[in-house]
Amino acid sequence: MTNLTDLGVRELRDGVRAGTFSAREVADAHIVAVSKAKQLNAFLVETPDHAIAAAKQADAARAAGEMLKPLAGVPIGMKDLFCTKGVQSAAASHILEGFKPEYESTVSQKLWDAGAGMLGKLNMDQFAMGSSNETSYFGNVISPWRRADGGNAPLAPGGSSGGSSASIAARLCPAATGTDTGGSIRQPAAFTGIAGIKPTYGRCSRWGVIAFASSLDQAGPMARDVRDCAIMLEAMSGFDAKDSTSLQLDVPKWEANLNASLAGKRIGIPREYRVDNMPPEIEALWQQGIDWVKDAGGDVVEVSLPHTKYALPAYYIIAPAEASSNLARYDGVRYGLRDLPEASVIEQIKRDYGLPQSAPSLDVMYAMTRAEGFGDEVKRRILIGTYVLSAGFYDAYYTQAQKVRTLIARDFDRAWETCDLLLTPTAPSAAFALGEKSADPIAMYLNDVFTVPSSLAGLPAMSVPGGLDKAGLPLGLQVIGKALDEQGVLDACLAIEERAGFKARPDAWW
Amino acid sequence: MSVDAATVKKIASLARIAITDEEVAKIAPELDNILGWIEQLGEVDCTGVEPMTAVIANQLRLRDDVVTDGGKRDAVLANAPQAEHGFFTVPKVIE
């Protein structure tokens, strides 16, 4: 008997269509796997009823001889950043704890319309701010992977989509949604030996996705292989009038058009991505990737992206600036947490927190609600954002960063004159241990050095597993494409996937 | 340019986040460090470069100026920490 939780999206979809197993059997197997994996802390809310209802519909449709929907019989995980009607959507924060939206995000609705069921809401870095899933109000997600040194040091699943990456790698769900602002799909995918694609900015609607940095935020799928990502992305993409930056374009048939031949494709290797202190194993994997794309028929060319080193500092102005604006809405009035101190202690609180004695209790409520409701990293970014946007600093920081962003995008445009795709490592290291980098914000930010530039330029980019390091941990390769060329990105990743033959998976210790 | 305690207090007040003196003492050097790192952007020559406004060329759509949504008072109020008589309620601000 096949273990249904070992199967991917395509296998589950095709198996349910063929009647090899029922959608209900698939849902039940995954519901049990989720319920047994509490130690990973990947799920914030479990929604077995949702998954079972979708499975029943799929089985009934098949019994009635109807054509099955594209994701009929496939249960998935939903990142907590997506608003799901009637189900807590907290962005893993305290300030939104208990928030049950009255509406459904466009992307999640599209997945349900395609027949998918929801196993639950996935843990993440609070408001998607983090690279290790250590900023969640509801505790760290523990990666299912462990180093092969016999030690049991709990490892980071990457972030911010760490609940998504951990649960897919641990076979709790075949696929999940992620969101990527500076690498939050690709870096966790690389850390856990799975695939994940951030499409071109505007492919997936941002409506109902709790906002972090609106000019960068983009949803995308995470799954165990390239084909499964293509299937998911087709269901998630498409024009939405409710998002002003949504692209008014038809959704290509990415799955049907998959083609692992890179004949005639020029693959650029950006010289500036050879950063200092890159571990030799990452360097070696990158070289291996170059050999794989050559083997697939691609022509490899060296290219230059001269402003690469400025991408991270520009990102850490733009993203916090947008976050400080977006998160201004959490004020304890319309939804979420309210911390309204008793009248008898308000004067004391004003003294303790240095608030003006003249402040009305409404102002005290705002300040206390936000102090109580936001975690340290979220506060840090709101403060940075407030600072760089404040009077006198706006031009020196924010305007300068947006100009540098233009130069970064121009670097890519120039590169496309000599190549069609770019191949880079996804992250500068394998998964690190929880707590290892949390004391130094900049060390944590540097984890996104290879993923941030393509985010700033809005380009499609994907991480695919390439191999294991000496400690037995997965390493990922990243392919970046021209705007709207998700097909080229998926094809190149498929070529790499076929040659890497990545079959490693974590032992179930949980 | 260094970020001192007074600056942190000022931006925390602009951001409406209550902050204690102990927190200020911890956050000030962190922000100073991060902003110092960010300052390398100043070395990029951006003469004649326009700030980015859209990553993908896209036209902002216009639609007819008609009501397309509404009549959802109870849904809008459903998650309010406190709502009365069909309104959000806040502490008294006028004595």
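This text gives an overview of the structure that appears in the document.

Parameters and conventions
- Residues numbered from 1 in each chain as written.
- Chains lettered and ligands numbered in written order.
- Predicted model: local features only at pLDDT ≥ 70, side-chain atom pairs only at ≥ 80, totals over all residues.
- Helix = DSSP H or I, 4+ residues; strand = E, 2+ residues; numbered from the N terminus.
- Rg over C-alpha atoms; globule rule 2.2 N^0.38 Å.
- Buried ≥ 20, exposed ≤ 12 C-beta atoms within 10 Å, placed from the backbone.
- Core = buried A, V, L, I, M, F, W, Y, C linked by C-beta atoms within 7 Å.
- Contact = placed C-beta atoms within 7 Å.
- Pairing = 2+ DSSP bridges.
- Right-handed = clockwise from strand over helix to strand, strands pointing away.
- Nonpolar A, V, L, I, M, F, W, Y, C, P; charged D, E, K, R; others polar.
- Expected span 1.5 Å × (residues − 1).
- Bend = angle between axes of the 7 residues up to and from the residue.

### Overview of the overall build of chain B
For step 1, the next point in the chain: Along its length, chain B carries 3 helices and 2 strands.
For step 2, the next point in the chain: The order of helices and strands in chain B, counted from the N terminus, is α-α-α-β-β.
For step 3, the next point in the chain: Taken over C-alpha atoms, the radius of gyration comes to 23 Å for chain B, far larger than the 12 Å a tight globule of 95 residues would show.
For step 4, the next point in the chain: Taken over 95 residues, chain B has a buried fraction of 18%.

### Overview of the overall build of chain A
For step 1, the next point in the chain: Across its full length, chain A holds 16 helices and 11 strands.
For step 2, the next point in the chain: Computed over C-alpha atoms, the radius of gyration of chain A comes to 22 Å, within 12% of the 24 Å expected from 2.2 N^0.38 for 510 residues, which places it in the range of a compact globule.
For step 3, the next point in the chain: Counting across all 510 residues of chain A, residues that qualify as buried make up 60%.

### Points about the nonpolar core
Most often, soluble globular proteins keep nonpolar side chains buried together rather than apart.
For step 1, the next point in the chain: Formed by 177 residues in total, the largest nonpolar core has its most connected members in I76, A314, I317, V479 and C493 of chain A.
For step 2, the next point in the chain: Ignoring any residue separated from it by four or fewer positions in sequence, one finds I76 of chain A in contact with L111, A116, M118, L119, C173, A175 and A176 of chain A.

### Some words on the pairing of strand 2 (residues 75-79) of chain A
All names here are of chain A.
For step 1, the next point in the chain: Counting buried residues along strand 2, 5 of its 5 residues qualify, which places the element largely inside the surrounding structure.
For step 2, the next point in the chain: Taking every second residue as pointing to the same face, both faces of strand 2 are buried, with P75, G77 and K79 on one and I76 and M78 on the other.
For step 3, the next point in the chain: With 5 bridges joining them, strand 2 and strand 3 (residues 117-122) adopt parallel strand pairing. Note on strand 3: the bridge partner recorded for M78 is K121.
For step 4, the next point in the chain: Between the parallel pair strand 2 and strand 3, the chain is carried across by helix 4 (residues 106-113), and the sense of this crossover is right-handed.

### Focus: the interface of chain A and chain B
Note on interface size: it is often stated as the accessible area lost on association of the parts.
For step 1, the next point in the chain: The interface of chain A with chain B comprises 58 residues on the first partner and 40 residues on the second.
For step 2, the next point in the chain: At the level of elements, helix 9 (311-326), helix 11 (361-373), helix 12 (376-389), helix 13 (394-415) and helix 14 (441-445) of chain A are the ones that each hand at least two residues to the side of chain A that touches chain B.
For step 3, the next point in the chain: The element contributing the most residues to the side of chain A that touches chain B is helix 13 of chain A, with 10 residues.
For step 4, the next point in the chain: Within the side of chain A that touches chain B, the residues separate by chemical class into 32 nonpolar, 16 polar and 10 charged.

### As for helix 13 of chain A
For step 1, the next point in the chain: For helix 13 of chain A, which comprises 22 residues, the first-to-last C-alpha distance of 31 Å matches the rise-based estimate of 32 Å (1.5 Å per residue) to within 8%.
For step 2, the next point in the chain: Along helix 13 of chain A, the sharpest kink reaches roughly 25°, centred on Q400 of chain A.

### Remarks on unusual backbone geometry
All names here are of chain A.
For step 1, the next point in the chain: Cis geometry is adopted by the peptide bond preceding S160, which originates at G159 and carries an omega value of 10°.
For step 2, the next point in the chain: With respect to the helices and strands, the residue S160 is situated in the loop between strand 3 and helix 5 (162-169).
For step 3, the next point in the chain: The backbone of A91 sits at a positive phi, close to 50°, despite the residue not being glycine.
For step 4, the next point in the chain: Inspection of the secondary structure assignment puts A91 in the loop between strand 2 and helix 4.
For step 5, the next point in the chain: Overall, A91 belongs to the buried group, with 29 C-beta atoms counted inside 10 Å.

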